[in-house]
Amino acid sequence: TYIVTDNCIKCKYTDCVEVCPVDCFYEGENMLVIHPDECIDCGVCEPECPAEAIRPDTESGLDKWLEINTKYASIWPNLSERRDPPADAKAFDGEEGKFEKYFS
Ligand code: SF4
Ligand code: F3S
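In this text, all values refer to a predicted model and were calculated from it rather than measured experimentally. By convention here, each chain's residues receive numbers from 1 onward along its written sequence. Working convention: letters from A go to chains and numbers from 1 go to ligands, in the order in which they are written. Note on the predicted model: pLDDT of at least 70 is required for a residue's local features to be given, and 80 or more for side-chain atom pairs to be given and counted; whole-chain, interface and lining totals, by contrast, use all residues. Side-chain numbers come from the whole structure's heavy atoms, not from hydrogens or water.

Caption draft 1: Layout of the site of ligand 1. Around ligand 1, 13 residues are found, and the nearest of them are C20, C39, C42, G43 and C45. Basically, the charged four are Asp, Glu, Lys and Arg, the nonpolar ten are Ala, Val, Leu, Ile, Met, Phe, Trp, Tyr, Cys and Pro, and anything else, Gly included, counts as polar. Among the residues forming the shell around ligand 1, the class breakdown is twelve nonpolar, one polar and no charged. Whether a residue is near a molecule or strand is decided by its heavy atoms; if any one of them lies within 4 Å of it, the residue is near.

Caption draft 2: Representation of the site of ligand 2 in the model. Neighbouring ligand 2 are V4, C8, K12, Y13, T14, D15, C16, L32, C49, P50, A51 and I54. Partitioned by chemical class, the residues of the shell around ligand 2 number nine nonpolar, one polar and two charged.

Caption draft 3: Up close: the pattern of salt bridges. Within this document, salt bridges are pairs made up of a side-chain nitrogen of Lys or Arg and a carboxyl oxygen of Asp or Glu, the two lying within 4 Å of each other. On inspection of all chains with the given rule, the structure shows seven salt bridges. The closest approach of N and O atoms between R82 and D15, which form a salt bridge, is 3.3 Å. Pair noted here: R82 is in the loop between α2 (63-73) and α3 (89-92) and D15 is in helix α1 (residues 15-19), with a separation of 67 residues, a long-range link. Only protein chains enter the accessibility calculation, which uses a 1.4 Å probe. A residue is then buried if its area is under 20% of the maximum for its type, exposed if over 50%, and partly exposed in between. Looking at R82, the relative accessible area reads 34%, which means it is partly exposed. Taking the shortest distance from any N to any O, the salt bridge between E46 and R55 comes out at 3.4 Å. Salt bridges here are not isolated pairs; linked through shared partners, they connect K12, E27 and R83. For helices the rule is a DSSP run of H or I covering at least 4 residues; for strands it is a run of E covering at least 2, with both sets numbered from the N terminus onward.

Any functional reading would require information beyond the geometric quantities listed.
Structure below.
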């Protein structure tokens with residue numbers, strides 16, 4: 001599966017949503033997550049994210065993010081259409097430690 005990681009927080013560009021063939025993105029206030037059981041591993045969303053927040057779960061060090069994607073995909077509502085990102089998205093792109101500061 002692919003998963004959404006830290007840099008999505010407060011950027012939330014949603015370009016990923018537009019290309020996903022199975023609509024497996026779910027939306028929280030500050031970020032999206034992927035439902036790991038619904039993702040078919042096609043990989044098309046990864047290069048679409050301007051924040052480079054989407055990673056394959058085969059990459060090391062992403063256990064925490066796999067847990068977060070799994071947990072919140074079952075709680076948050078589905079998002080299947082692109083929407084405008086927050087006006088200040090660029091200001092948060094690349095900031096360190098966004099999970100600790102802003103996750104909701
Ligand atoms: Fe959707 Fe494919 Fe990305 Fe999985 S890898 S979230 S199926 S676009
Ligand atoms: Fe987040 Fe990137 Fe999608 S910033 S909303 S994972 S395009």
